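Coordinates in review
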Amino acid sequence: MDNLDLIRVVDVDYIKDYTMDLTFSNGEKRRIDFLPLLKGGKREELRDKDNFIQFGLNHWTLEWYNGIDFAPDFLYRQGEKVA
């Protein structure tokens, strides 16, 4: 996909631990292990699994209880395509 600027997360399935399947607005589903992304600042709070599972889907991406979110194009690039 050439233009990821307009992509957004439209659905999320929590798998286990720090892994989720995200469905993007282009119809692709990608699996992401978030643990390597949880370094520095407030992201460290999400290394506690009880905190990690406190997320929601806003109009464009995932957002956690503490205000942490990731740009959808970043998540798209981090994920592995799910068949």
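See the structure above.
Below you will find a few notes about this structure. Please read these numbers as outputs of a predicted model, since none were measured by experiment.

Attention now goes to the overall build of the chain. Each helix and strand in the chain was counted, giving two helices and six strands. Ordering the α and β elements of the chain from the N terminus gives β-β-β-α-β-β-α-β. On C-alpha atoms alone, the chain measures out to a radius of gyration of 12 Å, which is about the 12 Å that the 2.2 N^0.38 rule sets for 83 residues. Counting only C-alpha atoms and orienting by the principal axes, one finds that the chain spans roughly 35 × 25 × 20 Å. Counting every position in the chain, which comprises 83 residues, the buried fraction comes to 36%.

On inspection of all chains with the given rule, the structure shows nine aromatic pairs. Both rings, one in Phe 34 and one in Phe 52, keep their centres 5.8 Å apart while their planes meet at 55°; by these two values the pair is tilted. Of this pair, Phe 34 sits in the loop between β3 (29-33) and α1 (49-52) while Phe 52 sits in helix α1, and the two are 18 residues apart along the sequence. For Phe 34, a relative accessible area of 0% gives the class buried. Ring geometry for Phe 34 and Trp 64: centres 5.6 Å apart, planes at 70°, overall edge-to-face. Of this pair, Phe 34 sits in the loop between β3 and α1 while Trp 64 sits in strand β5 (residues 62-64); the two residues are 30 residues apart in sequence, bridging distant segments of the chain. One exposure class covers both Phe 34 and Trp 64, and it is buried. One aromatic cluster is present, built from ring pairs that chain together Tyr 18, Phe 34, Phe 52, Phe 55, Trp 64, Phe 70 and Phe 74. Over the face of the ring belonging to Tyr 76 we find Arg 30, whose NZ or CZ atom lies 3.9 Å from the ring centre.

What counts, and where the lines are drawn
Sequence positions are assigned chain by chain, starting from 1 and proceeding in written order. Only residues with pLDDT of 70 or above have their local features reported here, since the model is predicted, and side-chain atom pairs are shown and tallied only from 80 upward, although totals for entire chains, interfaces and linings are computed over all residues. For side-chain calculations, the full set of non-hydrogen atoms in the structure is used, while hydrogens and water are omitted. By the criteria applied, helices consist of DSSP H or I runs no shorter than four residues and strands consist of E runs no shorter than two, each listed in order from the N terminus. Only the C-alpha atoms count toward the radius of gyration. The rule for a globule is 2.2 Å times the residue count to the power 0.38. For every residue, the accessible area (1.4 Å probe, protein chains only) is compared with the maximum for its type, and the residue is labelled buried under 20%, exposed over 50%, or partly exposed between those bounds. When two rings of Phe, Tyr or Trp (its six-membered ring) have centres within 6.5 Å they constitute a pair, described as stacked for plane angles under 30 degrees, edge-to-face for angles over 60, and tilted for the intermediate range. A ring is considered to have a charge above it if a Lys NZ or an Arg CZ atom is located within 6 Å of its centre and within 35 degrees of its normal.

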